[in-house]
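Structure assessment
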2 protein chains.
Amino acid sequence: MAQSDTVDRILDAAEELFAERGFAETSLRMITSKANVNLAAVNYHFGSKNALIHAVFARFLTPFSSTLEVAFDELEQKCQGQPPTLNQTLWVLTESAIRMPQRNEKGISIFMRLLGLAYTQSQGHLRKFLEQEYGQPFSRFMSLLKEATPELSAVDRYWRIQFMLGATAFTMSSSDALIDILDNKLGVQASVQEIAARLVPFLAEGMKAPDKLQVPPMLSGTTVA
Amino acid sequence: MAQSDTVDRILDAAEELFAERGFAETSLRMITSKANVNLAAVNYHFGSKNALIHAVFARFLTPFSSTLEVAFDELEQKCQGQPPTLNQTLWVLTESAIRMPQRNEKGISIFMRLLGLAYTQSQGHLRKFLEQEYGQPFSRFMSLLKEATPELSAVDRYWRIQFMLGATAFTMSSSDALIDILDNKLGVQASVQEIAARLVPFLAEGMKAPDKLQVPPMLSGTTVA
DNA sequence: TCAGTTCTCAAACGTATGTTTCAAACAGAC
DNA sequence: GTCTGTTTGAAACATACGTTTGAGAACTGA
């Protein structure tokens, strides 16, 4: 074989361990042990641990961003000049993520967790890498959101987008654990797809909320800022 | 002084550094340098790095959970048997957090970020510690949420609470950065209080959303699971 | 077959970490 | 002033990390 499968074994192991434990808490020795590969192989094939992290993201994000661009194209084409609705936009994103070809049964949830970690763990190099490589589809999604919510002020929209990102990143990044807890507590099985189907209307409704908080009358004596 | 201020200097430095960089990425040497304290002081006063992390949380959470219990008592008393509404419950929690006495101008945002990290960074010992020490007020909050949303099924409520937690933890944990970005982009000043005032209605509205996603007609040919 | 390249392997390197040690400095009580 | 328990200080400890090395194996193309 021209390129050994060592590279893929490393990527598989790294992906799973990073998702489980975070980046700083996962050592190269854990990765190479899990992958049944020599320690030096990581630096030989990738150059450094940071480059390995980038490669893990690139393996998923590159095909995903292509899929997404196509899906956005189709959406805009079908809408014929009309701006897509909020529900449509959110759902196209969600569906593109869900329908990505998955390497194993954990599939999407591993990657959602990695994306969540990318946000929450400082890791300056990662943020820079993601912005540089995949900033474009993200910008396009933001534009669609803007067109879908013309009634919102820029400030309102800004904050509510952050709220949406938070709910999504947080939930998806712990989706496995949350699914388990639900099963234990209520004996209900769930899937990432179902979480998404529940998340989208929650987000869409939140985006349409009335302007700002009316302090409940019973608390109106207190200062609010 | 009976107890030197070394302990507080360590806690102050640790709190700030943990919030900035996470737990694993912050070394004891960074902390003791910032605190102008000898390296060994951490292990002398706290016993271990993990115990220091616990102490950082306890310093804030212990008074906060007392405040919260009182606030919940007052709320239930005022409602005279009627279950408090969702908005009231959320706002009492928010207000209790905002009105906590703050050590400095960063105040609440530092702690929100720490709470967010506690969720997202694995740190099994921390999760166990928080559950054990502060599980009670959390359970009470959950009960109030349940009473405030009798129309929701248990499963719906479960997921939507996760969405709320996510939006809150995520936004608050990056509140400083988000406030800066908003200022740069739109020239608008904001405060943690204002974020809260915008977050509460977003969450409340999301909680009341219609049941589940109706797949948009234009996409109904696709499988949804 | 054989030269040239690509890859693997065990071992080591330098550095950073959390923790421990033990002597010195300090505090308050008598 | 001396004694006792508490706190600090500089140094070292053991361990784990990411990375590098250089020799050998495995593969490639002619």
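Values in this document were obtained by computation on a predicted structure and should not be read as measured data.

This brings us to the relation of the copies chain A and chain B. With an RMSD of 0.1 Å, chain A superimposes on chain B once it is rotated by 180° and translated 0.0 Å along the axis. Read as a symmetry element, the transformation amounts to a two-fold axis.

Moving on: the nonpolar core. Generally speaking, nonpolar side chains in soluble globular proteins are found buried as a group. Formed by 145 residues in total, the largest nonpolar core has its most connected members in A:L52, A:F57, B:L52 and B:F57. Sort the elements by how many residues they give to this core and helix α4 (residues 49-79) of chain A lands first, with 13 residues. Setting aside chain neighbours within four positions, we find A:L52 in contact with A:I10, A:L11, A:A14, A:F18, A:L28, A:I31, A:V42 and A:F46.

On to the packing of helix α6 (residues 107-120) of chain A against helix α6 (residues 107-120) of chain B. At their nearest, the axes of α6(A) and α6(B) sit 11 Å apart, and the two run at 150° to each other. Compared by their axis directions, α6(A) and α6(B) come out roughly antiparallel. The handedness of the crossing between α6(A) and α6(B) comes out as left-handed. Here A:R113, A:L117 and A:T120 of α6(A) lie close against α6(B), whose contacting residues are B:R113, B:L117 and B:T120. The residue makeup of the contact of α6(A) with α6(B), split by class, is two nonpolar, two polar and two charged.

What follows concerns the environment of B:G135. Mapped onto the fold, B:G135 is located in helix α7 (residues 124-148). Along the backbone, B:G135 and B:I110 are 25 residues apart, and their C-alpha atoms lie at a distance of 21 Å.

Further remarks concern the interface of chain A and chain B. Chain A puts 65 residues into the contact, and the matching count from chain B is 65 residues. Summed over both sides, the interface between chain A and chain B buries roughly 5800 Å², with carbon and sulfur atoms accounting for 73% of that surface. Interface area lost by chain A to chain B is led by A:F163, A:R198 and A:F202, which between them contribute 14%. Where chain A packs against chain B, one counts two salt bridges. Between A:R198 and B:D156 there is a salt bridge whose closest N-O contact spans 2.3 Å. There are four residue pairs in polar contact (both at pLDDT 80 or more) connecting chain A and chain B.

Thresholds, definitions, all that
Every residue gets a number counted from 1 within its own chain, in the order that chain's sequence is written. Chain letters start at A and ligand numbers start at 1, both assigned in the order the entries are written. Residues qualify for local features only when their pLDDT is at least 70, as the model is predicted, and side-chain atom pairs are given and counted only at 80 or more; totals for whole chains, interfaces and linings, by contrast, use all residues. Hydrogens and waters are ignored; side-chain quantities use all the structure's heavy atoms. To line up the copies, we fit them by least squares on C-alpha atoms, keeping just the residues with pLDDT of at least 70 in both. For this analysis, a nonpolar core means a set of buried residues of the types Ala, Val, Leu, Ile, Met, Phe, Trp, Tyr and Cys, connected via side-chain atoms within 4.5 Å. Only protein chains enter the calculation, and the probe is 1.4 Å; a residue is then buried if its accessible area is under 20% of its type maximum, exposed if over 50%, and partly exposed in between. For the purposes of this entry, the term helix denotes a DSSP run of H or I that reaches at least four residues, the term strand denotes a run of E that reaches at least two, and both are numbered from the N terminus. When checking whether two residues touch, look at their non-hydrogen atoms; a contact exists if any pair is within 4.5 Å. Orientation is described by axes fitted as lines to C-alpha atoms, over the contacting stretch for helices, and by angles from 0 to 180 degrees between their N-to-C directions. Oblique is the label for any angle not under 35 degrees, not over 145, and not in the 65 to 115 range, which are roughly parallel, roughly antiparallel and roughly perpendicular in turn. Each helix crossing is assigned a hand: it is left-handed if the near helix lies turned anticlockwise from the far helix by less than a right angle, otherwise right-handed if that turn is clockwise. Classes in brief: Ala, Val, Leu, Ile, Met, Phe, Trp, Tyr, Cys and Pro nonpolar; Asp, Glu, Lys and Arg charged; the others, Gly included, polar. Note: buried area is the sum, over both parts, of the accessible area (probe 1.4 Å) each one loses when the two are combined. By convention in these notes, a salt bridge is any Lys or Arg side-chain nitrogen within 4 Å of a carboxyl oxygen on Asp or Glu. Whenever a nitrogen or oxygen atom comes within 3.5 Å of another N or O atom, the pair is scored as a polar contact, on the condition that within protein one atom can donate a hydrogen and the other can accept it, and that pairs from neighbouring residues in sequence are kept only if both atoms are in side chains.

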